[in-house]
Protein chains: 2
Amino acid sequence: MAEINAIAKQFVDFYYSTFDSNRANLSSLYREQSMLTWEGTPIQSATAINEKLTELPFSKVQHKVETLDAQPSSPTIPSVMVDDSTNALQFSQTFHLIPDGGSYYVLNDIFRLNYGG
Amino acid sequence: MAEINAIAKQFVDFYYSTFDSNRANLSSLYREQSMLTWEGTPIQSATAINEKLTELPFSKVQHKVETLDAQPSSPTIPSVMVDDSTNALQFSQTFHLIPDGGSYYVLNDIFRLNYGG
């Protein structure tokens, strides 16, 4: 579990710092078989995901990760859920990472805003 | 995607109606290699997960699923994120389902309450 948690922490730090500084660079994390579900809309392939992320209607954003839960899906495959509970816009995001040449790519990515009750 | 969405809907309906009526019956959904992360605490094996779920400090609960996002992790393996945004206690939960003898079991289960900001 220690290794899975370290991989998840490293991935999440990289993902959100890249998202907040230059979203176009996130495309290296996705492959043709990758899928992003963004607020209920499924988007498949690295190209389409990159288009969606770079066309989001805001130019500046800052993510503050509140909780991070990682689990092994197999001994080497982490599944990661991130929760950001105390900011202006709350969200939950789940990543399923697949090993690829010493690194990982994102196979599954599900993002949802959590609206207050 | 239509089949994955149908499997996810069927699973989620079964999971939460069972959770809300008789939590002990959820144990059939988990295996020895299954992991539940409950509010940050990792719990592994069907037996340990069943103990945790049945010992939760409430006897009556009702889940109302607000959004449900499903993706194929492989052609036959759904990854499901559930979000419950408008109730007294908001939560997000992610399931990773594995085919098993014509049905599915839960390999990964991550649960988090979303506290209001």
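Residues numbered from 1 in each chain as written. Chains lettered and ligands numbered in written order. Predicted model: local features only at pLDDT ≥ 70, side-chain atom pairs only at ≥ 80, totals over all residues. Heavy atoms only, no water.

Per an unreviewed UniProt entry, chain A goes by the name Nuclear transport factor 2 and belongs to Collybiopsis confluens. According to its UniProt record, chain A has this under Function (unreviewed entry): "Has a role in nuclear-cytoplasmic transport of proteins and mRNAs." (UniProt positions renumbered as here; feature names shortened; annotations may be inferred.)

Draft legend 1. Spatial organisation of the overall build of chain A. When its secondary structure is counted, chain A shows 2 helices and 6 strands. In sequence order, chain A lays out its α and β elements as α-β-β-α-β-β-β-β. Out of the 117 residues in chain A, the part that is buried amounts to 50%. Here the analysis covers contacts within chain A between residues at least 6 apart in sequence; of these, 41% occur between residues at least 24 apart. Here chain A has roughly 5,400 Å² of accessible surface; of this, 52% comes from carbon and sulfur atoms. (Helix = DSSP H or I, 4+ residues; strand = E, 2+ residues; numbered from the N terminus. Buried < 20%, exposed > 50% of the residue type's maximum accessible area, 1.4 Å probe, protein only. Contact = heavy atoms within 4.5 Å. Areas by Shrake-Rupley, 256 points an atom, 1.4 Å probe, with all protein chains shown as cover.)

Draft legend 2. Geometry of the interface of chain B and chain A. With 32 residues of chain B in contact, the opposing surface of chain A contributes 31 residues. The contact between chain B and chain A buries some 2,500 Å² in all, and 53% of this surface belongs to carbon and sulfur atoms. Its largest share of buried area at the contact with chain A, chain B owes to B:Gln71, B:Met81 and B:Ile110, together 24% of the area lost on that side. Two residues, A:Arg112 and B:Asp69, come together in a salt bridge whose shortest N-O distance is 2.9 Å. For the interface between chain B and chain A, the tally reads 14 residue pairs in polar contact (both at pLDDT 80 or more). Of all elements in the fold, only β1 (30-38), β3 (67-74), β4 (77-84), β5 (91-100) and β6 (103-113) of chain B reach the threshold of two or more residues within the side of chain B that touches chain A. Of the residues forming the side of chain B that touches chain A, the biggest block, 7 residues, is contributed by β6(B). Class assignment for the residues of the side of chain B that touches chain A results in 12 nonpolar, 16 polar and 4 charged. (Buried area = accessible area lost by both parts, 1.4 Å probe. Salt bridge = Lys/Arg side-chain N within 4 Å of Asp/Glu carboxyl O. Polar contact = N/O pair within 3.5 Å; in protein donor to acceptor, adjacent residues only side chain to side chain. Nonpolar A, V, L, I, M, F, W, Y, C, P; charged D, E, K, R; others polar.)

Draft legend 3. How the structure looks around the pattern of salt bridges. Residues and elements named next belong to chain A. By the definition in use, this model includes 6 salt bridges over all chains. Residue Asp-100 is joined to Arg-31 by a salt bridge in which the shortest nitrogen-to-oxygen separation is 2.6 Å. Residue Asp-100 is located in strand β5 (residues 91-100), and its partner Arg-31 is located in strand β1 (residues 30-38); the two are separated by 69 residues in the primary sequence.

Draft legend 4. Quick peek at the pairing of β5(B). Residues and elements named next belong to chain B. In terms of residue burial, β5 counts as a mostly covered element, since 8 of its 10 residues are buried. Across 10 bridges, the pairing between β5 and β6 is antiparallel. Residue pairing for β6: Thr-94 is matched across the bridge by Ile-110. In textbook terms, the turn of a hairpin is the stretch between consecutive antiparallel strands, and for β5 and β6 this stretch comprises 2 residues, one of which, Gly-101, has a positive phi near 55 degrees. (Pairing = 2+ DSSP bridges.)

Draft legend 5. Fine view of helix α2 (residues 46-54) of chain A. All names here are of chain A. Of the residues making up α2, those classed as buried are Ala-46, Ile-49 and Leu-53. Within α2, the buried residues cover an arc of 65 degrees as seen down the axis, which keeps them to one side. Contacts from the buried residues of α2 go to α1 (2-21), β1 and β2 (41-44). (Arc of directions from axis to C-beta.)

Draft legend 6. Structural detail: α1(A). All names here are of chain A. When the terminal C-alpha atoms of α1 are compared, their 29 Å separation across 20 residues agrees well with the 28 Å that a helix rising 1.5 Å per residue should span. By the burial criterion, the buried members of α1 are Ile-4, Ile-7, Ala-8, Phe-11, Val-12, Tyr-15, Tyr-16, Thr-18 and Phe-19. Angularly, the buried residues of α1 cover 160 degrees about the axis, an arc narrow enough to put them on a single face. Seen from the buried face of α1, the exposed residues on the opposite side, beyond 90 degrees, are Ala-2, Glu-3, Gln-10 and Ser-21. (Expected span 1.5 Å × (residues − 1).)

Draft legend 7. Examining the relation of the copies chain B and chain A more closely. For the pair chain B and chain A, the best superposition has an RMSD of 0.0 Å and corresponds to a rotation of 180 degrees with a translation of 0.0 Å parallel to the axis. Put plainly, the chains are arranged around a two-fold axis. Of all interface residues in chain B, 97% are interface residues in chain A too; the two copies therefore contact each other through one and the same surface. (Least-squares fit on C-alpha atoms with pLDDT ≥ 70 in both.)

Draft legend 8. Spatial organisation of the side chain of A:Ser34. Residue and element names in this part refer to chain A. Tracing the sequence through the fold places Ser-34 in strand β1. Looking at Ser-34, the relative accessible area reads 0%, which means it is buried. Reaching out from Ser-34, the side chain makes a polar contact with the backbone nitrogen of Arg-31 at a distance of 2.7 Å. Among all residues touching Ser-34, those that are not within four sequence positions of it are Ile-43, Gln-44, Ser-45, Ile-49, Tyr-105, Val-106 and Leu-107.

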